[in-house]
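# Structural overview
Next come the chains, spelled out residue by residue.
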Amino acid sequence: QLQLVESGGGLVQPGGSLRLSCAASGLASGFALDYYAIGWFRQAPGKEREGVSCISARGSSTNYVDSVKGRFTISTDNTKTVIYLHLNSLKPEDTAVYYCAADWRPFANSCTLTTGPYKFWGQGTQVTVSS
């Protein structure tokens, strides 16, 4: 079964940068990470979980929520089975627990920022943006 473990969160000042990583394991089933749609989501206290960015199977397309466009970048490293979210120009409103997630969708050329389709989730990593 696919398992995801996030890392890279922490405390950063406004305008700073972080790189979140999500390590995938459990691919012995024969499924390749390249066959999954992968998403990053975040949840701030008192708010619903929000889709931040996603990348489709084989990396054919990406999607970003409007509030992070131009600041965040999603990428994958299939050799290392790692998903990255590069956070730049961070704002206090970016403070949240960030989760990576995966959906086995090998034939799709798009991805969604809604939480429902994603079946595999990491434990989350805290990002705090504060002076």
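Structure: above.
Notes on the structure follow. (Residues numbered from 1 in each chain as written. Predicted model: local features only at pLDDT ≥ 70, side-chain atom pairs only at ≥ 80, totals over all residues. Heavy atoms only, no water.)

### Considerations on the state of the cysteines
The test is simple: For this text, the term disulfide refers to a pair of cysteine sulfurs within 2.5 Å. Numbering goes from the N terminus for both helices and strands, where a helix is a DSSP run of H or I of at least four residues and a strand is a run of E of at least two. When a residue's accessible area, from a 1.4 Å probe over protein chains only, is under 20% of the maximum for its type it is buried; when over 50% it is exposed; and in between it is partly exposed.
On inspection of all chains with the given rule, the structure shows two disulfides. A disulfide bridge connects Cys22 with Cys100, and the sulfur atoms are separated by 1.9 Å. One disulfide, between Cys22 and Cys100, carries an S-S torsion of 55° and so falls in the right-handed class. Of this pair, Cys22 sits in strand S3 (residues 18-25) while Cys100 is found in strand S9 (residues 96-104), placing the two residues 78 residues apart along the sequence. Residue pairing for Cys54: its cysteine sulfur links by disulfide to Cys111, the two sulfurs lying 2.0 Å apart. Every disulfide takes its handedness from the sign of the S-S torsion; for Cys54 and Cys111 that torsion is 80°, giving right-handed. You can see Cys54 sitting in strand S5 (residues 50-55) and its partner Cys111 sitting in the loop between S9 and strand S10 (120-121), a full 57 residues away along the chain. Just as Cys54 is buried, Cys111 falls in that class too. For the protein chain, the bonded cysteines connect in the pattern 1-3, 2-4 when numbered consecutively along the sequence.

### Comments concerning the sheet that holds strand S1 (residues 3-7)
Applied cut-off: Only strands that DSSP links by at least two bridges are regarded as paired with each other. Lines fitted to C-alpha atoms define the axes, with helix axes restricted to the stretch in contact, and inter-axis angles between N-to-C directions lie between 0 and 180 degrees.
Strand order in this open sheet of four strands is S1-S3-S8-S7, and the pairing throughout is antiparallel. Unpaired on one side and paired on the other, S1 and strand S7 (72-77) mark the two borders of the sheet. The sheet shows a mean angle of 20° between the axes of neighbouring strands, taken without regard to direction. As defined by bridge partners, S7 adjoins strand S8 (residues 82-87) across six bridges and the pair is classed as antiparallel.

### Topic: the side chain of Ser56
Here is the rule: The definition of a polar contact used here is a pair of N or O atoms within 3.5 Å, where within protein one atom must be able to donate a hydrogen and the other to accept one, and adjacent residues in sequence count solely through side-chain atom pairs. Residue contacts follow a heavy-atom distance rule, with two residues in contact if any of their heavy atoms lie within 4.5 Å.
Within the fold, Ser56 resides in the loop between S5 and strand S6 (62-64). Within the structure, Ser56 has its side chain in polar contact with the side chain of Ser60 (distance 2.7 Å). Not counting residues within four places of it along the chain, the set of residues in contact with Ser56 comprises Tyr36, Ala37, Ser61, Ala108, Asn109, Ser110 and Cys111.

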